[in-house]
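Breakdown of the fold
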Amino acid sequence: MARDGSARARVRQLLVTSGPVRDPSGYTSAVLKEAVGYRGSAVAFIQLIAAMERDGEIVREIRGKRTYGIAASEETAESFRAQSEAVEAATSQDASPVAGLEIDYDALAAAILRQLWSAAKSPEARQVVKAGSEQGGPERAGQVQPDPQRDEYTRRLEAARSQLDELLGPALRDLPASASKG
């Protein structure tokens, strides 16, 4: 069975928001497992609870081999409250100038692609590529040795640009005008 990575968070949230879980018959772990909707085995849940206690996230009331109560530790409760307050402040209308803003991700992607494409096709970009291939890229001018491998990469880069132009040229021309505005 897949590991439940959110179980710890659900246990902390339940214990902080609803208070301690108690069972007079000593089966508190089973009650808590059911309350948080843990889908793994009972043994795995007990190991999770033991690890949480060891990490100081919870406090258990154990007598013999039975668990009669499980509560959030004070540190966990304080941390949870602080996180909740931070989330609430970040999501309130007053705290965020972009609250309620809806983003058209297709238009955004199209605009980014159009901008990238126009930048790559600009004469300045071609001049930089040409100068870089003539000067050996980041190496200093005057120290450049002819490099057939670099020339091959330059040729392949030009071929790739040409193929992209063929593939994306019509798609970029068909984009809505609102997507091309930067």
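Residues numbered from 1 in each chain as written. Predicted model: local features only at pLDDT ≥ 70, side-chain atom pairs only at ≥ 80, totals over all residues. Heavy atoms only, no water.

Next up on the list: the pairing of strand β2 (residues 58-63). Looking at chain direction, β2 and strand β3 (residues 66-72) are connected through six bridges and run antiparallel. The residue bridging Ile62 from the neighbouring strand is Thr67, located in β3. Linkage of β2 to β3, two consecutive antiparallel strands, is achieved through a turn of two residues, within which Gly64 is found at a positive phi near 65°. (Pairing = 2+ DSSP bridges. Helix = DSSP H or I, 4+ residues; strand = E, 2+ residues; numbered from the N terminus.)

Within the secondary structure, Ser29 sits in helix α2 (residues 28-36). Those residues in contact with Ser29, other than ones at most four positions away along the chain, are Phe45, Ile46, Thr67 and Ile70. (Contact = heavy atoms within 4.5 Å.)

Okay, the nonpolar core next. Nonpolar side chains in soluble globular proteins tend to end up buried together. One finds Val11, Leu15, Leu32, Phe45 and Ile49 to be the most contacted residues of the largest nonpolar core, which totals 13 residues. Broken down by element, the residue count for this core peaks at four residues, all from helix α3 (residues 42-54). Not counting the four nearest positions on each side in its chain, Phe45 is found in contact with Val11, Ser29, Leu32, Lys33, Val36 and Tyr38. (Core = buried A, V, L, I, M, F, W, Y, C linked by side-chain atoms within 4.5 Å. Buried < 20%, exposed > 50% of the residue type's maximum accessible area, 1.4 Å probe, protein only.)

It is worth spelling out the environment of Thr17 at this point. Mapping Thr17 onto the fold places it in helix α1 (residues 7-18). Polar contacts involving the side chain of Thr17 include one to the main-chain carbonyl oxygen of Gln13, which spans 2.6 Å. (Polar contact = N/O pair within 3.5 Å; in protein donor to acceptor, adjacent residues only side chain to side chain.)

When you line up the elements, Glu57 lands in the loop between α3 and β2. With a relative accessible area of 11%, Glu57 lands in the buried category. Setting aside residues up to four positions removed in sequence, Glu57 forms contacts with Arg8, Arg12, Met52, Ala72, Ser73 and Thr76.

Quick look at the pattern of salt bridges now. In the structure shown here, the tally under the stated rule is six salt bridges. Residue Glu57 is joined to Arg12 by a salt bridge in which the shortest nitrogen-to-oxygen separation is 2.5 Å. Placement of the pair is Glu57 in the loop between α3 and β2 and Arg12 in helix α1, with a sequence separation of 45 residues. A salt bridge links Glu61 to Arg22; the nearest nitrogen and oxygen atoms lie 3.3 Å apart. (Salt bridge = Lys/Arg side-chain N within 4 Å of Asp/Glu carboxyl O.)

Bringing a nonpolar patch on the surface into the picture now. A cluster of nonpolar side chains, namely Ile103, Tyr105, Leu108 and Ile112, defines an oily patch on the protein surface of about 420 Å² accessible area. Inspection of the secondary structure puts Ile112 in helix α5 (residues 105-121). (Patch = residues over 30% accessible without salt bridge, like charges linked within 9 Å, V, L, I, M, F, W, Y side chains within 5 Å. Areas by Shrake-Rupley, 256 points an atom, 1.4 Å probe, with all protein chains shown as cover.)

Turning next to the sheet that holds β3. The pairing of strands in a sheet happens through backbone hydrogen bonds and is either parallel or antiparallel. The strand order across the open sheet built from three strands is β1-β3-β2, with neighbouring strands paired in antiparallel fashion. In this open sheet, the two strands that pair with only one neighbour each are β1 (21-22) and β2. Contacting β1, β2 and β3, α1 crosses the sheet at an angle of about 80° to β3. In the packing of α2 onto the sheet, contacts are made with β1 and β3, and the angle to β3 comes to roughly 45°. (Axes fitted to C-alpha atoms, helices over the stretch in contact; angles between N-to-C directions.)

Moving on to the confidence of the model for the chain. Residues of the chain with pLDDT of at least 70 account for 70%, and the chain-wide mean is 77. Mean pLDDT across the secondary structure elements of the chain bottoms out at helix α8 (residues 177-180), with 49, and peaks at β1, with 95. (pLDDT = per-residue confidence, 0-100.)

Quick look at α2 now. Residues of α2 that are buried include every one of Thr28, Ser29, Leu32 and Val36, and no others. Looking straight down α2, one finds that the buried residues subtend no more than 100° of arc, so they occupy a single side. Check the buried side of α2 and you find it contacts α1, β1, α3 and β3. A positive backbone phi angle near 70° is found at Gly37, which sits one or two residues after α2. (Arc of directions from axis to C-beta.)

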